[in-house]
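Structure assessment
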Amino acid sequence: MKKILFAVLAIMALFSFTGCGADDETACTEGEYMCSNNASHVCREGVWKLVKDCGEETCNDATGRCGEEAGDTGNTGNTGDTGNTGNTGDTGNTGNTGDTGNTGDTGNTGDTGNTGDTAAGSCEDIFSCLNGCGDTDETCMQACYDAGSTAGQADYNAWQTCFSANCESDQTAQCSVDNCPTESETCGISVGQPGNTDYPAPYGTGGVNANLTYIVTDADGTSLGQEMVTMSAFATGNLGALNIASPPGAEMTYSYIYNGDGQSGRVVSISQGSQDSAAALDIQTMLSMDEADAAVGSLTVGFGTDDQVALYVVKIANNAISCMHAFAIGSISITDVNLSPGAAGSFAASGSIEWFSPANVPLYGGDIAADLGVTACPVQ
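Note that this is a predicted model, so its numbers are computed, not measured.

Right, let's get into helix H3 (residues 150–166). Between its first and last C-alpha atoms H3 spans 25 Å; for 17 residues at 1.5 Å apiece the expected length is 24 Å, and the two agree. Those residues of H3 that fall on the buried side of the exposure criterion are Gly152, Gln153, Tyr156, Trp159, Gln160, Cys162 and Phe163.

Next comes the structure, spelled out in structure tokens:
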């Protein structure tokens, strides 16, 4: 199974274009934490990376962590290769444990009522930090461990010892909870919520066929001119009775591509919308990738940490995501990309995908709506 990428979803409104707000891009110190938009961020290689959205908790400006007071975060020593443990937090995603292998993703766990070490630098904090590391970035992994408190490191070591001894052939969160219940609870590891079978899995199939010839940037202002859009859908598929390329009441479907600042760096994103009825205007399909990934070649689509492209269908209310209908898992092939601003730019890509409601994603362990920070739209 894949680890889920816990990312804040940005939104761009139809014909009222607004670029995504960038995080603080000033220089930072490796391993330092900060709060931005009530989310905890950690400095990795001079760039702020999202650790977790604090949700109902408040991000503590003094520590840069969610709902915590200052504590001992000193470096108490080097454990060697600790491996990438993924995001455990309250999500049950134990990720890749390095020497012990990949523990997989169990989806949304909701509020687990963790009674372990809750001071800054806890075992749960170590796991949350590790979620921001690449699968082979041992420097980042070690920094996360070193930023833990003495108690947090001890709890992490106890969990890893137990997990390695008992789950070598079944490296899942379920095995961790079954065989290391105390250690798992202390580190915030729990099993996920089962998928809601009212939503078929997959919810539908579809494709990507993008051929765009204008790159929108912040310099274009807040209105989309006719020359900036392509009067066709770049993504297709049916989610039950909902045709995303032609929602109920739609008379025109159009797409446009934006290149600019995102939450944690430069992004390339494509938005698809329809007119004329209010119902059609409510449905938007969005694709997003890091600018560095926007190159000719094959890219994977999904919400796993190894996926390069996110593609999802949402319902919009008051210029924000009201609920998510589905997101895509599959791959696309980029055949042309020129990110020059305006009419000099171009982008073409195609591919096949499957759509899944966030309420039922077997690949990611079940119901992951809360992990993505969204509500699943009603069954179509």
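Tallied over the entire structure, the rule returns nine aromatic pairs. Between Trp159 and Phe163, the aromatic rings sit 5.0 Å apart at their centres with planes inclined by 20°, giving stacked as the arrangement. With Trp159 and Phe163 both in helix H3, this residue pair falls four residues apart, about one helical turn. With respect to class, Trp159 is no different from Phe163; both count as buried. Through pairs of rings, three or more aromatic residues link up here, namely Phe127, Tyr145, Tyr156, Trp159 and Phe163.

Moving on, we get to the state of the cysteines. Counted under the stated rule, the structure contains six disulfides. Across the disulfide, Cys129 is cross-linked to Cys144 (sulfur-sulfur distance 2.0 Å). What sets the handedness of the Cys129 and Cys144 disulfide is the S-S torsion sign, and at about -70° it is left-handed. Of this pair, Cys129 sits in helix H1 (residues 123–130) while Cys144 sits in helix H2 (residues 138–146), placing them 15 residues apart in sequence. With respect to class, Cys129 is no different from Cys144; both count as buried. Between Cys323 and Cys377 runs a disulfide, and the two sulfur atoms are separated by 1.9 Å. Between Cys323 and Cys377 the sulfur-sulfur dihedral comes to about 100°; the bridge is accordingly right-handed. Of the two residues, Cys323 sits in strand S15 (residues 320–338) while Cys377 sits in the segment after helix H7 (369–372), which places them 54 residues apart along the sequence. Cys377 carries the same exposure label as Cys323, and that label is buried.

Criteria and cut-off values
Residues numbered from 1 in each chain as written. Predicted model: local features only at pLDDT ≥ 70, side-chain atom pairs only at ≥ 80, totals over all residues. Heavy atoms only, no water. Helix = DSSP H or I, 4+ residues; strand = E, 2+ residues; numbered from the N terminus. Expected span 1.5 Å × (residues − 1). Buried < 20%, exposed > 50% of the residue type's maximum accessible area, 1.4 Å probe, protein only. Phe/Tyr/Trp six-rings, centres within 6.5 Å; stacked < 30°, edge-to-face > 60°. Disulfide = S-S within 2.5 Å.

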